[in-house]
Amino acid sequence: MRAITLRKPDDWHLHFRDGQMLNETVPATARCFARAIVMPNLVPPVVNAEQALRYKQRIMDARPAGSDFMPLMTLYLTDQTSVADIRAAVESGVSAVKLYPAGATTNSDAAVTGLTPLYPVFEEMAELGMPLLIHGEVTDLQTDIFDREKQFIDEHLAPLTQAVSGLKIVFEHITTADAADFVLSCSERVGATITPQHLMLDRNDLLVGGIRPHNYCLPILKRNTHKLRLQEVIKSGSSKFFLGTDSAPHTRSAKESPCGCAGCYSAWSAIELYAQIFDDLGALDKLEAFASEHGPRFYGLDMNSQRITLIEQDWVIPEHIKLWDGETIVPFYAGQTCRWKLQ
Ligand code: DOR
Ligand code: ZN
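Structural notes, computed from the coordinates. Model, not experiment: these values are computed from the prediction.

## Here's the deal with the site of ligand 1
Okay, so step 1: Taken together, 14 residues lie around ligand 1, and R17, N41, T106, L218 and H250 are the ones closest in.
Okay, so step 2: For ligand 1, an oxygen atom lies 3.3 Å from a polar atom in the side chain of H15.
Okay, so step 3: Here R17 contributes a side-chain N or O atom positioned 2.8 Å from an oxygen atom of ligand 1.
Okay, so step 4: Contact with the protein chains covers 100% of the free accessible surface of ligand 1, which is 290 Å².
Okay, so step 5: Its residues placed into classes, the shell around ligand 1 shows 4 nonpolar, 8 polar and 2 charged.

Encoded structure:
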C-alpha cells in the first residue's frame, strides 16, 4: 500500500458560514488543515476588524477539543471601505481583504461596484503588505457566464496589477487557461488558488445527462481544455498556485431548487481528492508544495511543522451529511470512491 506524508496543509480559500453551521464546517476542515483563509461573505458581511475578530472567536469556539486549527480572517471590501478600515484590519491581525464584484456570487450584493474609486485603498494595502483576494468575474448581464473570468482579467485585473504594482493579489479559484497564463505572466506578487472541482470536472459534469446541481459553483465549471491547463500548471510545480478548496456548504434543499445556490462542500474529502488529482497526473511529488508550502510563502507565514499521512485506500464519500435541524448537505463527490484516505 502506498502512503505519502506531508507537512500539514492549509486551505487558502474557505467558507465556514456562521451559527450552528460552524459545528459542522470547522471540525471538517480542522481534521486535516492547520489554517484556513476564511471568507467574509456572511449575512451581513464581515466589513470591519471588530466583526472579523468576533467571527474568529466563534470559529475558535467551534473547534474540536484539543485542536490548534487557526482561522485566518478576511474583510469584505465594499464601496465604502476606507484606508482607516485597512489600517485597523492590519493592526487587528486580519490576514487579507476579499473583493467580490457586486452580484458575482453568494452574498455579494453589498460588494464592490467599481474598482477605480478604491485605488487609494489598494495603495494603502500595498504599503502595508495586506493581500487582496479577488473573485475575478465581471457581472454585467451581457457577458456570457463562461467568459466572465477572461473579461475580468482584461478589463479589471490587468489594469489593477499595472496601476498598483506593489499590491499582493490572489486570483481566487481560477477556472480558465487564460487565468493560469495571466498569473504566470505577472510578478511574484500575484498568485492563485485552485479548487478540487475545477481540477477534476468540466462543464459536461454539470450539464450532460441532466443538470447536476451539486457540481454547480462559481466561477462555473468551464470546458475541458481549461481543466487540462489548470492540471498542467499544478503539475509544473509553479509556486504561484496553491490549495484553496472554496468549500462552500449549502443545504440540499438550497442546491436542489429551481434557483439553486452555487458552491461545492468539499471539506470532507478535499486533501484526499487533491492527492488523487496529483496522483492521476503522475505528480504526487508536487502535492506537498501546492498544499503546504506555496501558500505560506506567498502570505509570508511560517510553514506548519506538523505532518499528515495519506494512504492509498478506497473509501466512499458519504451521500449526505445530517445537520442539526433535519436538513442535509450533499458533499462534493458524494457517493463516489476516493482512492486516498487520511490516516
Ligand atoms: O460557488 C461558490 N460558492 N462560489 C463563490 O464564489 C461563493 C461560494 C459561496 O459562498 O457559496
Ligand atoms: Zn469562495
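## Some points on the packing of aromatic side chains
In this description, a pair of aromatic rings is defined by centroid distance and the angle of the planes.
Okay, so step 1: Counted by the stated rule, this structure contains 10 aromatic pairs.
Okay, so step 2: Look at Y76 and Y100: their rings are 5.6 Å apart centre to centre, the planes differ by 45°, and that puts the pair in the tilted class. Within this pair, whereas Y76 is found in strand β4 (residues 70–76), its partner Y100 is found in the loop between β5 (96–99) and α4 (119–128), the two being separated by 24 residues in sequence.
Okay, so step 3: Using a relative accessible area of 1% as the deciding quantity, one classes Y76 as buried.
Okay, so step 4: On the basis of relative accessibility, which here comes to 1%, the residue Y100 falls in the buried class.
Okay, so step 5: A ring pair is formed by F332 and Y333, whose centres lie 5.6 Å apart and whose planes are at 35°; its orientation type is tilted.

## A closer look at the packing of helix α5 (residues 148–163) against helix α6 (residues 177–185)
Okay, so step 1: It is the contact of α5 with α6, at a shortest axis distance of 10 Å, that shows an interaxial angle of 15°. As judged from the angle between their axes, α5 and α6 are roughly parallel. In terms of crossing hand, the pair formed by α5 and α6 is right-handed. On the side of α5, the interface is formed by E149, K150, I153, L157, A158 and T161, while α6 contributes D178, A179 and F182.
Okay, so step 2: Class assignment of the residues belonging to the contact of α5 with α6 gives a composition of 5 nonpolar, 1 polar and 3 charged.

What counts and how
Residues numbered from 1 in each chain as written. Chains lettered and ligands numbered in written order. Predicted model: local features only at pLDDT ≥ 70, side-chain atom pairs only at ≥ 80, totals over all residues. Heavy atoms only, no water. Near = heavy atom within 4 Å. Polar contact = N/O pair within 3.5 Å; in protein donor to acceptor, adjacent residues only side chain to side chain. Areas by Shrake-Rupley, 256 points an atom, 1.4 Å probe, with all protein chains shown as cover. Nonpolar A, V, L, I, M, F, W, Y, C, P; charged D, E, K, R; others polar. Phe/Tyr/Trp six-rings, centres within 6.5 Å; stacked < 30°, edge-to-face > 60°. Helix = DSSP H or I, 4+ residues; strand = E, 2+ residues; numbered from the N terminus. Buried < 20%, exposed > 50% of the residue type's maximum accessible area, 1.4 Å probe, protein only. Axes fitted to C-alpha atoms, helices over the stretch in contact; angles between N-to-C directions. Parallel < 35°, antiparallel > 145°, perpendicular 65-115°, else oblique. Left-handed = near helix turned anticlockwise from the far one by under 90°. Contact = heavy atoms within 4.5 Å.

So yeah, pure geometry; function would need other evidence.
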